[in-house]
Amino acid sequence: MSIATALISGDEASPQLAEAAVRAALDKAGLASAESVLLFLTPDFARHAQTAVTAAARAASSLQVGGGIAAGVFTEEGWVLDRPAAAAMVFGGGIALSAADDSENTAADNSTRSLLSYTASAFVADWKEHPARFGGSFCGAGGGFEPSVWQGSRICASRRCSLAFSGARVDLGVSSGLRLLAPAQIIDLVCAYDIEEIGGRSALLSLLRALPDALQSAWYASSSPEHLPLPLHHLCAVLIDDSAGGDTQAALAEGRFRPVPIVAVNADDSLTLAERAHPGQRIAWAMREPDTGIADMRRTLARLAAAASEPLAALTFSCIGRGPYFYGGDDEDRALLVKRFPGMPLLGVYGTGQLAPGCDGDNRSLHNCVVTATLSRPKGSTDVQSHA
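So, here is what we can say about the structure in this document. (Residues numbered from 1 in each chain as written. Predicted model: local features only at pLDDT ≥ 70, side-chain atom pairs only at ≥ 80, totals over all residues. Heavy atoms only, no water.)

1. Focus on the overall build of the protein chain
Reasoning step 1: Counting secondary structure elements, the protein chain contains 9 helices and 26 strands.
Reasoning step 2: Looking at the protein chain as a whole, 54% of its 388 residues qualify as buried.
Reasoning step 3: Restricting to contacts in the protein chain with at least 6 residues of sequence separation, those with at least 24 account for 77%.
Reasoning step 4: Accessible surface, the protein chain: about 15800 Å² in total, of which carbon and sulfur atoms supply 52%. (Helix = DSSP H or I, 4+ residues; strand = E, 2+ residues; numbered from the N terminus. Buried < 20%, exposed > 50% of the residue type's maximum accessible area, 1.4 Å probe, protein only. Contact = heavy atoms within 4.5 Å. Areas by Shrake-Rupley, 256 points an atom, 1.4 Å probe, with all protein chains shown as cover.)

2. Focus on the sheet that holds strand β4 (residues 72-75)
Reasoning step 1: A sheet is described by the order of its strands in space; here 6 strands give the open sequence β5-β4-β23-β22-β26-β13, paired in mixed fashion. In the strand order of this sheet, the two ends are held by β5 (78-81) and β13 (169-175), each with one partner. The mean angle between the axes of side-by-side strands here comes to 15 degrees, regardless of whether they run parallel or antiparallel.
Reasoning step 2: Both strand β22 (residues 313-319) and strand β26 (residues 370-376) contribute to a ladder of 6 bridges, which runs antiparallel. Pairing of F317 across the sheet is with V371, part of β26.
Reasoning step 3: Sheet strands in contact with helix α7 (residues 290-307) are β13 and β26, and its direction is about 160 degrees off that of β13.
Reasoning step 4: Against the sheet, helix α9 (residues 332-340) makes contact with β4, β5, β22, β23 (346-351) and β26, and its axis sits at roughly 165 degrees relative to β23, the strand it touches most. (Pairing = 2+ DSSP bridges. Axes fitted to C-alpha atoms, helices over the stretch in contact; angles between N-to-C directions.)

3. What about the nonpolar core?
Reasoning step 1: One finds L38, F91, L116, F134 and F165 to be the most contacted residues of the largest nonpolar core, which totals 36 residues.
Reasoning step 2: When contributions to this core are tallied by element, the ones reaching two or more residues are β1 (3-9), β2 (36-41), β6 (85-91), β8 (115-119), β12 (160-166), β22, β23 and β26.
Reasoning step 3: Element by element, the count of residues in this core is highest for β6, at 4 residues.
Reasoning step 4: L39, L41, A49 and V53 belong to the second-largest nonpolar core, a separate cluster that totals 30 residues. (Core = buried A, V, L, I, M, F, W, Y, C linked by side-chain atoms within 4.5 Å.)

4. A look at the sheet that holds strand β10 (residues 149-151)
Reasoning step 1: Here 6 strands make up an open sheet; going across it, the order is β1-β6-β2-β3-β10-β11 and the pairing mixed. At either end of the open sheet lies a strand with only one pairing partner, and these are β1 and β11 (154-155).
Reasoning step 2: Bridge count between β2 and β6: 6 bridges; the pairing is antiparallel. The residue of β6 that forms the bridge with S36 is F91.

This is the structure in structure tokens:
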């Protein structure tokens, strides 16, 4: 086996946890050393992340250690939130990660491969364009401290990292977990981040008319009409990319959309979104529920299995709002991955944002989604086991 993972948790965030995770992964892979390592830690490590990374690099006999501090971590063995944990994936057998230069003069060299990109801040604006990227953001990961990211076994002062795979093909799948509530309508009037009118009605009325009857009735019966009778994070706006035409369901299936969180319901019946929209743009309303999340994840994994039926490993960037907290105590998305690809090494993190290419070729900042990348041998290659 050229790739393996390990998940180690404990009562204290010590460098020994990171070291133990790497050593356990090496043992599972049958490797004495690793060509590269991905190491993700929980927020408990924020004060001494570098010592943990150094310990992992020493255990792996490799200076190519990348990763970061996320809200939580998981592997095929399980998941950990709210306690110190280290999750490691080791690479050997000719599969490795190397730093990818984000500068313009090298972008062309990376145009045919997907870069693993992650940041300890908000979405990096110049990551929107080529090359294709997948990954996530750990901004506000928790623990009361600023998160950090690393590559080359060193904390990155720029708070951003990009890595390129060699010896492996990357296939990507994105699960939004959305259920459309009604067809899209045209936005009539906006003011900054507030949408005021849609289809000749107030934005709030547009949303209410799209809700199921039971939720509509609950809202009208509410003593606090400025608040919806369910958490706003279960709802979102869907901004449609109209460049290719087609109906709302087709746009969703083809990835021609951008889910945008609803930040607030205002007294003037406007809705505040997490990003700006503009008049003339099509917007739809959608809901996230556990059942729809599971169904959408199944569809996403079916598409990935069609692209690579027996992947060597997978990396998953999930939203902190999509894991065990969303599913009532267990991460059903992780469970579906393990069931679909039994025995496959899996390394995942819970973050505050996700990154994946859109159908137009531009990279998109996502929320409440699950981005999964499967790693497979390029066609025509063989698995060469390292015994170094």
